[in-house]
Amino acid sequence: QVQLVESGGGLVQPGGSLRLSCAASGFTFSSYCMNWVRQAPGKGLEWVSGFNVGGNTYYADSVKGRFTISKDNAKNTVYLHMNSLKPEDTAVYYCNGHSLLREYWGQGAQVTVSS
């Protein structure tokens, strides 16, 4: 059974940090592109960051220099380290894994940036 389980969300003050984790199971983790996608209240999905299969990392301009994506292939886990958080980073953050044929989503983790 395929699962992507996010954890690590919560409430943080502006300027603070959080680390999201996404534990994957049921598919060959290293053969999939892994991404973080977010959805702010009342808005559509926004791609945030990702790995391609070769291990290269990519970031949306809105988070570049503040967020870092990493992964541990031994643990089948991808992380999103978020620093210098802003109120506009408030969103539900989803973990996404996709190959040419398949795509999987986690249930989402709420991140709220507020004083």
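So, here is what we can say about the structure in this document.

So, how was this worked out
- Residues numbered from 1 in each chain as written.
- Predicted model: local features only at pLDDT ≥ 70, side-chain atom pairs only at ≥ 80, totals over all residues.
- Heavy atoms only, no water.
- Disulfide = S-S within 2.5 Å.
- Helix = DSSP H or I, 4+ residues; strand = E, 2+ residues; numbered from the N terminus.
- Buried < 20%, exposed > 50% of the residue type's maximum accessible area, 1.4 Å probe, protein only.
- Phe/Tyr/Trp six-rings, centres within 6.5 Å; stacked < 30°, edge-to-face > 60°.
- Lys NZ or Arg CZ within 6 Å of the ring centre and 35° of its normal.

### Some details on the state of the cysteines
So, point 1. In the structure shown here, the tally under the stated rule is one disulfide.
So, point 2. Each sulfur in the disulfide pair Cys22 and Cys95 lies 2.1 Å from the other. Since a negative S-S torsion denotes a left-handed disulfide, the Cys22-Cys95 link at about -80 degrees is left-handed. Here Cys95 lies in strand E9 (residues 91–98) and Cys22 lies in strand E3 (residues 18–25), a separation of 73 residues in the sequence.
So, point 3. With relative accessibility at 0%, the residue Cys22 sits in the buried group.
So, point 4. Residue Cys95 is classed as buried on the basis of its relative accessible area of 0%.
So, point 5. Distance from the sulfur of Cys33, which forms no disulfide, to the nearest cysteine sulfur (Cys95) is 12 Å.

### Observations regarding the packing of aromatic side chains
So, point 1. Under the counting rule described, the total for this entry stands at four aromatic pairs.
So, point 2. Between Phe27 and Tyr104, the aromatic rings sit 5.1 Å apart at their centres with planes inclined by 40 degrees, giving tilted as the arrangement. Of this pair, Phe27 sits in the loop between E3 and strand E4 (33–39) while Tyr104 sits in strand E10 (residues 103–105), and the two are 77 residues apart along the sequence.
So, point 3. On the basis of relative accessible area, Phe27 is assigned to the buried category, the value being 12%.
So, point 4. Take Tyr104: its relative accessible area is 18%, and that puts it in the buried class.
So, point 5. Seen from their ring centres, Tyr94 and Trp105 are 6.3 Å apart, and the 80 degrees between their planes marks the pair as edge-to-face. Residue Tyr94 is located in strand E9, and its partner Trp105 is located in strand E10; the two are separated by eleven residues in the primary sequence.
So, point 6. Judged by its relative accessible area of 19%, Tyr94 is buried.
So, point 7. Chaining the aromatic ring pairs together yields one cluster made of Phe27, Tyr32 and Tyr104.
So, point 8. Just above the ring of Phe51 sits the side chain of Lys71; from NZ or CZ to the centre is 4.9 Å.

None of this, on its own, says anything about what the molecule does.
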